[in-house]
Amino acid sequence: MGKGIVERLAREYPLNITWVGYELRPERPVEGERLDKLYPDMDVKAVYNNFNKLGADYGVVFNPPKLMPNTRLALIATELAKDQGKFEEFHSAVFKAYFTDGKNIGDREVILALAAGVGLPPEQVAAAWEDEGYRHRIKKNRELGQTYQVAGIPTFIIAGQEKIVGAQSYDFFKRVLDKVKNS
């Protein structure tokens, strides 16, 4: 959904976009955590109904996941995808796998299959997971996010001065961009 809004906004505003993969909860267990255990009082259906209203204009369908994954492997694979010129395809595949298909994007086999699906050789992905350089990039991305006090995903930083957190409407983005433009 964020990508669809960004593409639409780019037609009206001069956007310079840098996507940064932020590991929101690095302490999350490798196997992930069940959503119903993490948030027993959350009305997941209501949250996802709102997501689906926002995503409808962009052809995005959200299905409530059962698991909050540990995203480190997906984030490292995303950094590799950037290096290989396959960021957009891989990012979209991971987004759909988690939010639409309900897959555990913390699972090695899921990430390897998604990578292969966009032309990233699985052996390169597996090697990137062990590469200290990629781990360092994830650490640096987290430090950058912490400077902006990122507490939710997605977070959009506008001109270093405004922050949009979570799934928001196109009109909300426009109001923030107009505010920045006129300041």
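As shown above, the structure is provided for reference.
Only a predicted model underlies this, so the values are computations on that prediction, with no experimental measurement involved.

**Details of the pairing of strand S4 (residues 162-165)**
- Both strand S3 (residues 155-158) and S4 contribute to a ladder of 4 bridges, which runs antiparallel. By the bridge assignment, Ile 157 is partnered in S4 with Lys 163.
- The loop that links S3 with its antiparallel partner S4 comprises 3 residues; one of these, Ala 159, has a positive phi angle of about 55°.

**Thoughts on the nonpolar core**
- The biggest cluster of nonpolar side chains holds 25 residues, and the ones touching the most others in it are Phe 90, Ile 111, Leu 114, Leu 120, Val 125 and Trp 129.
- If you list the elements that add at least two residues to this core, you get helix H4 (72-83), helix H5 (87-99), helix H6 (108-117), helix H7 (122-130) and helix H8 (132-147).
- Sorting elements by how many residues they give to this core places H4 first, with 7 residues.
- When near neighbours in sequence (up to four residues on either side) are disregarded, Phe 90 contacts Ala 74, Ala 77, Thr 78, Ala 81, Ile 111, Leu 114, Ala 115, Val 118 and Leu 120.
- One finds Val 6, Tyr 13, Tyr 170 and Leu 177 within the second-largest nonpolar core, a separate group that totals 12 residues.

**Looking at unusual backbone geometry**
- Note the cis peptide between Ile 153 and Pro 154, where omega equals -5°.
- Among the secondary structure elements, Pro 154 is positioned in the loop between H8 and S3.
- Phi at Gln 149 is positive, roughly 55°, even though this residue is not glycine.
- Take Gln 149: it is sitting in the loop between H8 and S3.
- Relative accessible area serves as the criterion here: at 62%, Gln 149 is assigned to the exposed category.
- Notably, Ala 159 is not glycine yet its phi reads approximately 55°, a positive angle.

**So, the packing of aromatic side chains**
- This structure, assessed with the given rule, holds 10 aromatic pairs.
- With a centroid separation of 4.9 Å and an interplanar angle of 70°, the aromatic rings of Tyr 48 and Phe 51 are classed as edge-to-face. Linking Tyr 48 with Phe 51, this pair stays in helix H3 (residues 44-55), spanning 3 residues, or about one helical turn.
- Here the aromatic residues Tyr 48, Phe 51, Phe 62, Phe 95, Tyr 98 and Phe 99 are joined through ring pairs into a cluster of three or more.
- Positioned over the ring face of Tyr 170 is Arg 8, at 3.5 Å from the centre of the ring.

**Observations regarding the pattern of salt bridges**
- Counting across every chain of the model gives 12 salt bridges.
- The salt bridge partner of Arg 34 is Asp 36, with a shortest N-O separation of 2.4 Å.
- The exposure class of Arg 34 is partly exposed, given its relative accessible area of 47%.
- The class of Asp 36 is partly exposed, set by a relative accessible area of 42%.
- Residue Glu 143 is joined to Lys 140 by a salt bridge in which the shortest nitrogen-to-oxygen separation is 3.3 Å. Of this pair, Glu 143 and Lys 140 both sit in helix H8, 3 residues apart, roughly one helical turn.
- The network of salt bridges with common partners includes Glu 79, Lys 82, Asp 83 and Arg 137.

**Quick notes on the environment of Gly 55**
- Within the fold, Gly 55 resides in helix H3.
- A relative accessible area of 0% places Gly 55 in the buried class.
- Separated by 51 residues in sequence, Gly 55 and Gly 4 place their C-alpha atoms 8.7 Å apart.

**Describing a nonpolar patch on the surface**
- Taken together, Val 20, Leu 144, Tyr 148 and Ile 157 make up a surface patch of nonpolar side chains, about 290 Å² in accessible area.
- Mapped onto the elements of the fold, Tyr 148 is located in the loop between H8 and S3.

Procedures and definitions
Residues numbered from 1 in each chain as written. Predicted model: local features only at pLDDT ≥ 70, side-chain atom pairs only at ≥ 80, totals over all residues. Heavy atoms only, no water. Pairing = 2+ DSSP bridges. Helix = DSSP H or I, 4+ residues; strand = E, 2+ residues; numbered from the N terminus. Core = buried A, V, L, I, M, F, W, Y, C linked by side-chain atoms within 4.5 Å. Buried < 20%, exposed > 50% of the residue type's maximum accessible area, 1.4 Å probe, protein only. Contact = heavy atoms within 4.5 Å. Phe/Tyr/Trp six-rings, centres within 6.5 Å; stacked < 30°, edge-to-face > 60°. Lys NZ or Arg CZ within 6 Å of the ring centre and 35° of its normal. Salt bridge = Lys/Arg side-chain N within 4 Å of Asp/Glu carboxyl O. Patch = residues over 30% accessible without salt bridge, like charges linked within 9 Å, V, L, I, M, F, W, Y side chains within 5 Å. Areas by Shrake-Rupley, 256 points an atom, 1.4 Å probe, with all protein chains shown as cover.

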